[in-house]
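# Working through the structure, step by step
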Amino acid sequence: MSNDSTPAVVKGEELYRGKAKTVFHCDDPSRLILHFRNDTSAFDGEKIEQLNRKGEINNRINAFVMQKLSAAGVNTHFDRLLSAEESLVKKLDMLPVECVVRNIAAGSLCKRLGVEEGLELETPLFEFFLKNDELHDPMINDHHIRLFGWGTQQQIDQMQQITFAVNDVLKKLFADIGILLVDYKLEFGDFEGELVLGDEFTPDGCRLWDAETRKKLDKDRFRRDLGDVVEAYEEVALRLGVPLD
Ligand code: ADP
Ligand code: TMP
Ligand code: ASP
């Protein structure tokens, strides 16, 4: 996908193989290649299946959303699409925390607090989780992050501020195509002293419901064996206007 103004990138050694993406070095030491695989994981890797075309659909949705966020002034790691399943990103020093914002009650919030799924929250709710599959991503707060050195106060403040800013942009983006942004998870990292949004924004890491029917269009279809997982992701791409092969 390179042209005269975008030099070809030479793929290097594998750096890390996660549950859904593989990360590769490349000839530019400031960049990494993210390969979005078809592997789909739930319950911290307990359930893993291959879903045909998911890698490509997620890579393209992520590119589209990251570009929308960059245009809205969010500092993201996204550089450019390299192929159907690969993107070039800035190489970040990732913080081991996950930032979740919720607009509607679902998932672990309901389990933890006995709140009914679907309850509209008066204001968006922010939660930190530790990124640790073995411990099943326990919920943490800013005191844990400072005490155990997972981030500084400035990074904590910025993660909260950027995650809420992303909510403003994406709630509207999805509302315009008849989709409710129920909740989502973001990850951040350091790039040359700046906090940058990393990882992905795809239906694997958020909850999206059709605004009229409340049909689930995200990974809950996989978690709960609802079927038509890739079809739902494809519908999200289609409504966003993301071109698929
Ligand atoms: P997991 O590690 O949870 O199994 P993935 O399969 O999505 O998740 O693997 C992708 C890994 O790459 C994640 O651990 C994520 O934190 C990391 N990552 C995402 N973006 C970047 C980046 N720009 N620089 C360095 N690491 C990144
Ligand atoms: P939760 O309801 O399970 O806490 O998840 C909240 C949102 O964050 C949901 O959209 C899924 C996403 N998420 C991930 O993508 N990965 C994770 O490891 C966790 C804990 C949440
Ligand atoms: N993100 C975690 C996993 O990939 C948890 C989940 O989505 O249920 O297993």
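Each remark here, short or long, concerns the structure printed above.
A few points on the structure. (Residues numbered from 1 in each chain as written. Chains lettered and ligands numbered in written order. Predicted model: local features only at pLDDT ≥ 70, side-chain atom pairs only at ≥ 80, totals over all residues. Heavy atoms only, no water.)

### Re the overall build of the chain
Scanning the chain for helices and strands turns up 6 helices and 14 strands. Counting only C-alpha atoms, the chain reaches 55 × 45 × 35 Å along its principal axes. Counting every position in the chain, which comprises 245 residues, the buried fraction comes to 50%. For the chain, the proportion of contacts with a sequence separation of at least 24, taken over those separated by at least 6, is 56%. When the 31 basic and 45 acidic side-chain charges of the chain are each reduced to a single mean position, those positions are 2 Å apart. (Helix = DSSP H or I, 4+ residues; strand = E, 2+ residues; numbered from the N terminus. Buried < 20%, exposed > 50% of the residue type's maximum accessible area, 1.4 Å probe, protein only. Contact = heavy atoms within 4.5 Å. Lys, Arg positive; Asp, Glu negative; His and termini not counted. Charge placed at Lys NZ, Arg CZ, Asp CG, Glu CD.)

### Regarding the sheet that holds strand β6 (residues 78–83)
Sheet strands line up and pair through hydrogen bonds in the backbone, either parallel or antiparallel. Within the open sheet, the 5 strands sit side by side as β1-β2-β3-β7-β6. Their pairing is antiparallel. Whereas interior strands pair on both sides, the edge strands pair on one side only; in this sheet they are β1 (11–17) and β6. Mean inter-strand twist for the sheet, computed between neighbouring axes without regard to direction, equals 30°. Examined bridge by bridge, strand β3 (residues 31–36) and strand β7 (residues 86–90) share 5 bridges and lie antiparallel to one another. In the strand pairing of β7, Leu 34 is matched with Ser 87. Most of the contacts of helix α1 (residues 54–71) go to β6, to which it runs at about 150°, and overall it touches β3, β6 and β7. (Pairing = 2+ DSSP bridges. Axes fitted to C-alpha atoms, helices over the stretch in contact; angles between N-to-C directions.)

### A closer look at the layout of surface pockets
The space that makes up the largest pocket amounts to roughly 1600 Å³. As for the largest pocket, its lining consists of 47 residues, of which Lys 19, Asp 44, Glu 98, Asp 137 and Lys 185 are closest to the centre. When the residues that make up the lining of the largest pocket are grouped by side-chain class, the tally is 15 nonpolar, 9 polar and 23 charged. (1 Å grid on protein atoms, 1.4 Å probe; cavity = no way out; pocket = protein on both sides within 12 Å on 5 of 7 lines; lining within 4 Å. Points joined across faces, edges and corners; volume = space filled by probe spheres on them. Nonpolar A, V, L, I, M, F, W, Y, C, P; charged D, E, K, R; others polar.)

### Things to note about the site of ligand 1
Taken together, 16 residues are adjacent to ligand 1, and Tyr 16, Lys 19, Ala 20, Lys 21 and Lys 131 come closest. In the environment of ligand 1, an oxygen atom lies 2.8 Å from a nitrogen or oxygen atom belonging to the side chain of Glu 187. In the environment of ligand 1, a nitrogen atom lies 3.1 Å from a nitrogen or oxygen atom belonging to the backbone of Asp 199. Relative to its unbound accessible surface of 550 Å², ligand 1 loses 89% to contact with the protein. When atom positions are compared with the pocket grids, ligand 1 is found to occupy the largest pocket. When contributions to the shell around ligand 1 are tallied by element, the ones reaching two or more residues are β2 (21–26) and β7. Across the shell around ligand 1, the residue classes break down as 7 nonpolar, 2 polar and 7 charged. (Near = heavy atom within 4 Å. Polar contact = N/O pair within 3.5 Å; in protein donor to acceptor, adjacent residues only side chain to side chain. Areas by Shrake-Rupley, 256 points an atom, 1.4 Å probe, with all protein chains shown as cover. Sits in = over half its atoms within 2 Å of the grid points.)

### Looking at the side chain of Glu 86
For Glu 86, the location among the structural elements is in strand β7. Those residues in contact with Glu 86 that sit more than four places away from it in its chain are Lys 11, Ile 33, Leu 34, His 35, Asn 59 and Leu 81.

### Things to note about the site of ligand 2
Near ligand 2, the surroundings consist of 16 residues, among which Arg 102, Ser 108, Asp 137, Asp 183 and Arg 207 are the closest. At a separation of 2.5 Å, an oxygen atom of ligand 2 approaches a polar side-chain atom of Ser 108. For ligand 2, an oxygen atom lies 2.6 Å from a polar atom in the side chain of Asp 183. Here ligand 2 has 450 Å² of accessible area as a free molecule, and 83% of this is covered by the chains. In this structure the site holding ligand 2 corresponds to the largest pocket. Here the shell around ligand 2 is composed, by residue class, of 5 nonpolar, 3 polar and 8 charged.

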